[in-house]
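Residue-level listing of the chains:
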Amino acid sequence: MTLEETKEKVRSYAEKYAAKKGFRLNPDPEELELVIEGLAKRREQYGVQYCPCRIIYGDKTEDRKIICPCIYHEDEIKNDGACHCALFFKGDA
Ligand code: SF4
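On a predicted model such as this, the values are computed, not experimentally measured, just so you know.

Criteria and cut-off values
Residues numbered from 1 in each chain as written. Predicted model: local features only at pLDDT ≥ 70, side-chain atom pairs only at ≥ 80, totals over all residues. Heavy atoms only, no water. Disulfide = S-S within 2.5 Å. Helix = DSSP H or I, 4+ residues; strand = E, 2+ residues; numbered from the N terminus. Buried < 20%, exposed > 50% of the residue type's maximum accessible area, 1.4 Å probe, protein only. Salt bridge = Lys/Arg side-chain N within 4 Å of Asp/Glu carboxyl O. Core = buried A, V, L, I, M, F, W, Y, C linked by side-chain atoms within 4.5 Å. Contact = heavy atoms within 4.5 Å.

Participant: Explain the state of the cysteines to me, please; I cannot follow it from the model alone.
Facilitator: Think of a disulfide as a covalent bridge from one cysteine sulfur atom to another cysteine sulfur atom. Under the definition given, this model contains 1 disulfide. Across the disulfide, C53 is cross-linked to C85 (sulfur-sulfur distance 1.9 Å). Here C53 and C85 share a disulfide; its torsion about the S-S bond, 120 degrees, makes the bridge right-handed. Placement of the pair is C53 in the loop between α2 (29-46) and α3 (60-64) and C85 in the loop between α4 (73-80) and β2 (88-89), with a sequence separation of 32 residues. By relative accessible area, C53 is classed as partly exposed at 34%. Owing to a relative accessible area of 11%, C85 belongs among the buried residues under this scheme.

Participant: What's the story with the pattern of salt bridges in this structure? I'm lost.
Facilitator: Under the defined criterion, the tally for this structure stands at 9 salt bridges. Taking the shortest distance from any N to any O, the salt bridge between K7 and E33 comes out at 2.7 Å. On the criterion of sequence distance, the pair formed by K7 in helix α1 (residues 3-21) and E33 in helix α2 is long-range, its members being 26 residues apart. We classify K7 as buried; its relative accessible area is 4%.

Participant: Even after reading the chapter, I still don't get the nonpolar core, so can you show me in this structure?
Facilitator: Soluble globular proteins tend to bury their nonpolar side chains together. L25, L87 and F88 are the most contacted members of the largest nonpolar core, which has 21 residues in total. For this core, the secondary-structure elements that each account for two or more residues are α1 and α2. L87 has contacts with A14, R24, L25, N26, L32, V35, I36, L39 and C68, leaving out every residue within four places of it along the chain.

Written out as structure tokens, the structure is:
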């Protein structure tokens, strides 16, 4: 699979997940593209989409927490308006 194809899979996941949760994706197309590309590269390298903005420790139990959507994003969105990577933003509702 090419990087472009992997990016499309990540984009589709992000759009569906955002819609399901009532989030928005980053409204800045360039920033959004960067996060999607970061996730796609990690998905290609590791087989799972580890957060591109967090450190991978090499410990499966620890690292599972940062597979997108990570365990932190809901609190971050609630408190800061966006997840750490600025992929998901608080919805309008
Ligand atoms: S910070 Fe955002 S992009 Fe990173 S794993 Fe969490 S939800 Fe995904």
